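# Survey of secondary and tertiary structure
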Amino acid sequence: MSDSTHAVTLLTRSGCGLCHTALEQLRPICAEFGIEVDTVDVDVAAATDPGLRAEYGDRLPVVLLDGREHSYFDVDEPRLRADLAK
C-alpha cells in the first residue's frame, strides 16, 4: 500500500440499483486501503451544485478518485486497485 491518501466518492441517486451495487463493490476494495467511500446524491447536491447533476446525472453511478472521474456505470476494480496503490 502506498503512503498517499486517496479519496473515493460515489455519485448516486435515490432508487438507483446500479449505484447500490457499485457501493457494495467499492466498500471492500477501499477498506483494503484504509479508505471510506463517500457518497453524494446528485439530486440532493443539485440544490447547491446544479452542475454536478448536469454533468454526471445521466451516467450514474460515477466513481470519483481524488475528485476526478475514474469510472461510471461499473466499478473498474483492477484499475481502481492499481490507482489506489499509487
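Residues numbered from 1 in each chain as written. Predicted model: local features only at pLDDT ≥ 70, side-chain atom pairs only at ≥ 80, totals over all residues. Heavy atoms only, no water.

In this section: the packing of aromatic side chains. For any two aromatic rings, the description comes down to two numbers: the centre-to-centre distance and the angle of the planes. Applying the stated criterion across every chain yields a total of one aromatic pair. Lying over the aromatic face of Y72, R59 brings its terminal NZ or CZ to 5.0 Å of the ring centre. (Phe/Tyr/Trp six-rings, centres within 6.5 Å; stacked < 30°, edge-to-face > 60°. Lys NZ or Arg CZ within 6 Å of the ring centre and 35° of its normal.)

What follows deals with the state of the cysteines. Two cysteines joined by a covalent bond between their sulfur atoms form a disulfide. All told, the structure shown has one disulfide when counted by the stated rule. Here C16 pairs with C19 through a disulfide, and the sulfurs are 2.2 Å apart. On the sign convention where negative means left-handed, the S-S torsion of about 75° between C16 and C19 marks this disulfide as right-handed. Overall, C19 belongs to the buried group, its relative accessible area being 4%. Take C30: it sits in no disulfide, and the sulfur closest to it among the cysteines is that of C19, at 15 Å. Look at C30 and you get buried, because its relative accessible area is 0%. (Disulfide = S-S within 2.5 Å. Buried < 20%, exposed > 50% of the residue type's maximum accessible area, 1.4 Å probe, protein only.)

Ranked by size, the top nonpolar core spans 15 residues in total, and within it V8, L10, L26, V37, V75, L80 and L84 carry the most contacts. Only β1 (8-12), α1 (17-32), β3 (62-65) and α4 (77-84) provide two or more residues apiece to this core. Looking at this core element by element, the count peaks at five residues for α1. When sequence neighbours within four positions are dropped, the list of residues in contact with V75 reads A22, Q25, L26, I29, V63 and L80. By size, the runner-up hydrophobic cluster in this structure holds ten residues, among which are A45, L52, Y56 and L64. (Core = buried A, V, L, I, M, F, W, Y, C linked by side-chain atoms within 4.5 Å. Helix = DSSP H or I, 4+ residues; strand = E, 2+ residues; numbered from the N terminus. Contact = heavy atoms within 4.5 Å.)

Taking 1.5 Å per residue as the helical rise, α1 with its 16 residues ought to reach 22 Å, and the 24 Å between its terminal C-alpha atoms agrees with that figure. Largest kink in α1: about 25°, centred on L26, with the proline P28 one to four residues after it. Against the buried residues of α1 lie β1, β2 (37-41), β3 and α4. One or two residues past the end of α1 sits G34, with phi positive at roughly 70°. (Expected span 1.5 Å × (residues − 1). Bend = angle between axes of the 7 residues up to and from the residue.)

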